[in-house]
Amino acid sequence: AAAKKEEGGDGNDEAPPPLPATAPLTNDTAMYDLHAVVTHKGRDADGGHYVSYVKDAPDRWFLFDDDVVSVVTDDDVKKLSGKGGADHHIAYVLLYKSRTAADADRLAVDELARKTAGGTKGGGGGGGGGAA
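Let's talk about the overall build of the protein
Next up, step 1: Along the backbone of the protein there are two helices and five strands.
Next up, step 2: Going from N to C terminus, the protein has its helices and strands arranged as β-β-β-β-α-β-α.
Next up, step 3: Per-residue burial for the protein yields a buried fraction of 10% across its 132 residues.
Next up, step 4: A separation threshold of at least 6 residues defines the contact pool for the protein, and within that pool the share at least 24 residues apart is 50%.
Next up, step 5: Accessible surface computed for the protein: about 10600 Å², of which carbon and sulfur atoms make up 56%.

See below:
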């Protein structure tokens, strides 16, 4: 007689391998930065349209709308608060990235440089930080 295979099983009685050890999850600043937003435009979840916004650099986001990708600003993303009603895009899923102490220091220096530039091009120093 043929052995009966358990329903839903693959015939393999071995336990799955253990998950790899990972570094402990820590956030030394307890601060997070908004990194991406999935939005929905429409009156219910069964209809409408979903798009994604992903942050690339300070005040520069990419809007992914099907096969069209465009650059938008922080102000465009802030408009996703839902104040326009169901016929406007509303932030649906928010994805955050933890901010390390080094990130916080770099952002503070960048912000100070922007404020002190006063509309003039800064020279030298390069600080590199652009995302590619």
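Notes on the side chain of arginine 99
Next up, step 1: By the element assignment, arginine 99 lies in strand β5 (residues 90-99).
Next up, step 2: Residue classification places arginine 99 among the buried residues on the basis of a relative accessible area of 17%.
Next up, step 3: Ignoring any residue separated from it by four or fewer positions in sequence, one finds arginine 99 in contact with Asn27, Asp28, Thr29, Met31, Tyr32, Asp33, Ala104 and Leu107.

Let's talk about the nonpolar core
Next up, step 1: Core analysis: the biggest nonpolar cluster contains eight residues, these being Val37, Val51, Tyr53, Trp61, Leu63, Val72, Val77 and Leu80.
Next up, step 2: If you list the elements that add at least two residues to this core, you get β2 (49-57) and β3 (60-65).
Next up, step 3: Not counting chain neighbours up to four residues away, the residues in contact with valine 51 comprise Val37, Val38, Thr39, Leu63, Phe64, Asp65 and His89.

Some points on a nonpolar patch on the surface
Next up, step 1: Where nonpolar side chains cluster on the molecular surface, the patch consists of Tyr50, Tyr92, Val93 and Leu95 and spans about 380 Å² of accessible area.
Next up, step 2: Per-element tally for the nonpolar patch: the top contributor is β5, with three residues.
Next up, step 3: Mapping tyrosine 92 onto the fold places it in strand β5.
Next up, step 4: For tyrosine 92, a relative accessible area of 52% puts it in the exposed group.

Some details on the sheet that holds strand β4 (residues 68-72)
Next up, step 1: Strand order in the open sheet formed by five strands is β4-β3-β2-β1-β5, with antiparallel pairing between adjacent strands. This sheet does not close on itself; its edge strands, each paired only once, are β4 and β5. Ignoring which end each strand starts from, the neighbouring axes of this sheet average 25° apart.
Next up, step 2: Inspection of the sheet shows β2 paired to β3 by five bridges, in the antiparallel sense. Pairing of tyrosine 53 across the sheet is with leucine 63, part of β3.
Next up, step 3: Docked against the sheet, helix α2 (residues 101-117) engages β1 (31-41) and β5, running at close to 105° with respect to β5.

Looking at the pairing of β2
Next up, step 1: As paired elements, β1 and β2 share six bridges and run antiparallel to each other. Pairing of lysine 41 across the sheet is with histidine 49, part of β2.
Next up, step 2: A loop of two residues connects β2 with β3, the two strands running antiparallel in sequence, and aspartate 59 in this loop sits at a positive phi of about 60°.

As for the environment of alanine 91
Next up, step 1: Within the fold, alanine 91 resides in strand β5.
Next up, step 2: Considering only alpha carbons, one finds alanine 91 and lysine 78, 13 residues apart in sequence, at a separation of 9.3 Å.

Here's the deal with α2
Next up, step 1: Taking 1.5 Å per residue, 17 residues should reach 24 Å; α2 reaches 24 Å between its end C-alpha atoms and fits that length.
Next up, step 2: Once α2 ends, the next one or two residues include glycine 118, with phi positive near 55°.

How each quantity is defined
- Along every chain, residues carry numbers that run from 1 in the direction the sequence is written.
- Whole-chain, interface and lining totals are the exception, using all residues; otherwise, since this is a predicted model, local features are given only for residues with pLDDT of at least 70 and side-chain atom pairs are given and counted only at 80 or more.
- Hydrogens and water are ignored here; the side-chain numbers use all heavy atoms of the structure.
- Only DSSP runs of H or I covering at least 4 residues are called helices, and only runs of E covering at least 2 are called strands; the numbering of each starts at the N terminus.
- Relative accessibility under 20% of the residue-type maximum defines a buried residue, over 50% an exposed one, and the middle range a partly exposed one, all with a 1.4 Å probe and only protein chains included.
- The criterion used for residue contact is that any of the two residues' heavy atoms lie within 4.5 Å.
- Throughout, the Shrake-Rupley method with a 1.4 Å probe supplies accessible areas, and for residues the shown protein chains are the sole cover considered.
- To form a nonpolar core, buried Ala, Val, Leu, Ile, Met, Phe, Trp, Tyr and Cys residues must be joined to one another through side-chain atoms within 4.5 Å.
- Residues forming no salt bridge and having over 30% relative accessible area are the ones grouped into patches, like charges within 9 Å of each other and nonpolar side chains (Val, Leu, Ile, Met, Phe, Trp, Tyr) within 5 Å.
- Counted as salt bridges are all cases of a side-chain nitrogen of Lys or Arg within 4 Å of a carboxyl oxygen of Asp or Glu.
- In this analysis, strands are considered paired if DSSP registers two or more bridges between them.
- Orientation is described by lines fitted to C-alpha atoms, with helices fitted over the stretch in contact, and by angles between N-to-C directions that extend from 0 to 180 degrees.
- Here the expected span of a helix is defined as 1.5 Å times the quantity of residues minus one.

Distances and angles like these do not, on their own, reveal function.
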